[in-house]
Amino acid sequence: MNPTIQPLRGMNDVLPADMPWWHFLESTAHGLLDAYGYQEIRLPLLEQTTLFKRAIGEYTDIVEKEMFSFDDRDGDSLTLRPEATASLVRAAISNGLLHNQRHRLWTAGPMFRGERPQKGRYRQFHQIDVEAFGFVGPDIDAELISLSARLWQRLGLSKVRLELNSLGTPESRLVYRERLVEYFTRHHALLDEDSRRRLQGNPLRILDSKNPELAEMIAAAPALEASLGDACRAHFDGLQQALTDAGIAYTVNPRLVRGLDYYSRTVFEWVTDALGSQNAVCSGGRYDGLIPLLGGEPTPAIGWALGEERIVLLMQELGISPPGVQPDVFVVIVGERASRAGLAMAEKLRDAHPGLKVHAGLGGGGFKAQFKRADKSGATVAVIIGDDEADRGVAQVKHLRMETAQTTCAFAEVPLQVAALLGATDGR
RNA sequence: GUGGACGUAGCUCAGCUGGUAGAGCCCCGGAUUGUGAUUCCGGCCGUCGCGGGUUCGAGUCCCGUCGUCCACCCCA
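Quick notes on the rules
- Residues numbered from 1 in each chain as written.
- Chains lettered and ligands numbered in written order.
- Predicted model: local features only at pLDDT ≥ 70, side-chain atom pairs only at ≥ 80, totals over all residues.
- Heavy atoms only, no water.
- Helix = DSSP H or I, 4+ residues; strand = E, 2+ residues; numbered from the N terminus.
- Rg over C-alpha atoms; globule rule 2.2 N^0.38 Å.
- Buried < 20%, exposed > 50% of the residue type's maximum accessible area, 1.4 Å probe, protein only.
- Contact = heavy atoms within 4.5 Å.
- Areas by Shrake-Rupley, 256 points an atom, 1.4 Å probe, with all protein chains shown as cover.
- Lys, Arg positive; Asp, Glu negative; His and termini not counted.
- Charge placed at Lys NZ, Arg CZ, Asp CG, Glu CD.
- pLDDT = per-residue confidence, 0-100.
- Pairing = 2+ DSSP bridges.
- Axes fitted to C-alpha atoms, helices over the stretch in contact; angles between N-to-C directions.
- Left-handed = near helix turned anticlockwise from the far one by under 90°.
- Nonpolar A, V, L, I, M, F, W, Y, C, P; charged D, E, K, R; others polar.
- Near = heavy atom within 4 Å.
- Polar contact = N/O pair within 3.5 Å; in protein donor to acceptor, adjacent residues only side chain to side chain.

K.L.:
Whenever I open this one, the overall build of chain A confuses me. Can you help?
P.N.:
Within chain A, the regular secondary structure consists of 15 helices and 16 strands. A compact globule built from 428 residues should have a C-alpha radius of gyration of about 22 Å, whereas chain A, at 28 Å, is more than 25% larger. Taken along the three principal axes of its C-alpha coordinates, chain A extends 90 × 60 × 50 Å. The buried share of chain A, taken over its 428 residues, is 48%. For chain A, the share of sequence-separated contacts (at least 6 apart) that also reach a separation of at least 24 residues comes to 69%. By element, 50% of the accessible surface of chain A is carried by carbon and sulfur atoms, the whole surface being about 21,500 Å². Of the side-chain charges in chain A, 47 are positive and 55 negative, and the distance between the mean point of each set is 3 Å.

K.L.:
Explain the confidence of the model for chain A to me, please; I cannot follow it from the model alone.
P.N.:
Averaged over every residue, the pLDDT of chain A is 90; residues scoring 70 or more account for 98%. For this predicted complex, the interface score ipTM comes out at 0.86, alongside a pTM of 0.91.

K.L.:
Explain the environment of Asn 100 here, please?
P.N.:
Positionally, Asn 100 belongs in the loop between helix H4 (85-94) and strand S5 (103-112). The exposure class assigned to Asn 100 is exposed, which follows from its relative accessible area of 83%. As a C-alpha pair, Asn 100 and Lys 348 span 248 residues in sequence and 55 Å in three-dimensional space.

K.L.:
Can you walk me through the pairing of S5 in this structure?
P.N.:
A regular strand carries its side chains on alternate faces of the sheet. When you tally the buried positions in S5, you get eight out of 10 residues, the bulk of the element. As judged from the two bridges shared by strand S1 (residues 39-40) and S5, these two strands associate in the parallel manner. Directly across from Gln 39, in S5, lies its bridge partner Leu 105.

K.L.:
Would you take a moment to explain the sheet that holds strand S2 (residues 46-48) for this structure?
P.N.:
The strands that make up a sheet are held in pairs by hydrogen bonds between backbone atoms, and each pair lies either parallel or antiparallel. With antiparallel pairing, the three strands of this open sheet are ordered in space as S2-S4-S3. The sheet is open, and its two borders are formed by S2 and strand S3 (68-71), each paired with just one other strand. Taken pair by pair, the neighbouring strands of this sheet meet at an average axis angle of 35°, ignoring direction. In this structure, S3 lies alongside strand S4 (residues 77-80), joined through four bridges in antiparallel fashion. Along S4, the bridge assignment pairs Phe 70 with Leu 78.

K.L.:
Sorry if this is basic, but what is going on with the packing of helix H1 (residues 19-36) against helix H11 (residues 308-317) here?
P.N.:
The relative placement of two packed helices is expressed as an angle between their axes plus a distance between the axes. Look at H1 against H11: their axes get within 10 Å of each other, and the N-to-C directions meet at 115°. Along this stretch, H1 crosses H11, giving a crossing that reads as right-handed. Of the residues in H11, those in contact with Trp 21, Trp 22, Phe 24, Leu 25 and Glu 26 of H1 are Glu 308, Glu 309, Ile 311, Val 312, Met 315 and Gln 316. Class assignment of the residues belonging to the contact of H1 with H11 gives a composition of seven nonpolar, one polar and three charged.

K.L.:
When you look at the protein's contact with RNA strand B in this model, what are you seeing that I'm missing?
P.N.:
What surrounds RNA strand B is a group of 53 residues, the closest being Gln 6, Lys 119, Arg 205, Asp 388 and Gln 406. For RNA strand B, the fraction of atoms within 4 Å of the protein that belong to sugar or phosphate moieties is 58%. Contact between RNA strand B and Gln 127: a sugar or linking oxygen at 2.8 Å from a side-chain N or O atom of the residue. With respect to RNA strand B, the backbone of Ser 277 contributes an N or O atom lying 3.1 Å from a phosphate oxygen. Elements supplying a minimum of two residues to the surface near RNA strand B: helix H3 (61-66), strand S6 (124-133), helix H7 (193-201), strand S10 (280-286), strand S11 (301-307), helix H13 (367-377), helix H14 (387-392) and strand S15 (394-399). Among the elements that make up the surface near RNA strand B, the one with the highest residue count is H13 (eight residues). A per-class count over the surface near RNA strand B returns 14 nonpolar, 15 polar and 24 charged.

K.L.:
Explain the sheet that holds strand S12 (residues 329-334) here, please?
P.N.:
A sheet is described by the order of its strands in space; here five strands give the open sequence S13-S12-S14-S15-S16, paired in mixed fashion. Strands with a single pairing partner mark the edges of an open sheet, and in this sheet they are strand S13 (358-360) and strand S16 (407-410). When the angles between neighbouring strand axes are averaged without regard to direction, this sheet yields 25°. Relative to S15, strand S14 (residues 381-386) runs antiparallel, the two sharing four bridges. Paired with Ala 382 across the bridge in S15 is Lys 398.

So this is what it looks like as structure tokens:
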């Protein structure tokens, strides 16, 4: 045997056993987005490296050390997208979607970041990403958050809570940033190593520190809220009012700052305590300034992204079982002559009832083995064909979940009998 | 990127101070030769992540490497 090949670090196979949760999440989200009037857009996985440098910020960790970048044959630097927003904005600009227009868009797929893997944090991970362009007011902020809240509700997800903050405008943030740097510089002796590093690059992130020794000093730091302008203040108030109207609970977390540079005003995060340290399952915010940065007409914009792996993990953690995918019918096939008749019967059932889930008991085995498989498959009804039946042109039809007699039917009668038994179960 | 734990059958794991691998589950077959549970019997499955070193001898010790997990960092 040849040596086996290990998968790449942080790159996972999503196995059949987990797919029901993925489908549940994706189909629920898809349905909800449709219902809210959001349109799907599909984007390339590769973009010019410049896009992310400009959008996310040249000096963020993501761009500095986590991107999968490489040169193509022409020497151009390409990057596997580390997030969707930049690509989506680029696509909107490339296709002229931003000329005095409004758009509600969503996309889903894999993202790539070269981080050290951990549970709920992978190098290839999947996001569902929702963005709205051209809406100024806090109403769209509230709609987007309501949409996410409704998604949790539909998925049966508890143990998530909403945290909210406003970062103000880039200008006011700059002023605040200076005050913060001034404050932390004054307390430089108290800062840990990480925070000293952050003081250079992204001082706002110090507010987010998990180090309990810094808690007291951080709590006394100037509050971002105080440097909010009137317009931002009103926007934030409007959002909170709308959320209260919608009955969505939230807490304002003044220390909630985002890792990406492009956010302004509203930022929010759905967090959980159930997944260890990777506690953010969905986060987003407003980024009114990003589009001109990428060469588009100034357009207000807001969006969020959820991590599919984290949601799936959380659903499993909470014991949420997705809708089953059990077959309706299992065709028990035993014997040489039964083999042909069995296959034909499975097809006949599919012809007669297009939506019917039919598993054919291929692969041989005796009656005992076939019935074990039928039982394990979760099928409701078994259609049984042995050599005996094949010779006589009949099949046995048996309900596997109810104590009723097994009946013998001519081949032609089988679809009807099957439908009758399924009807007895769930009113189909 | 930093610190730590770990990597033995498809899965969960055992294997003490080094002497050439075990259990349970799963799967397959059988228990009056055509029917799903339980029980019982039998069977299949591993180059002990990979590479090197020490040793008469390594799953067991050492080094390297790849991967997983946890915390930090970062973030979905």
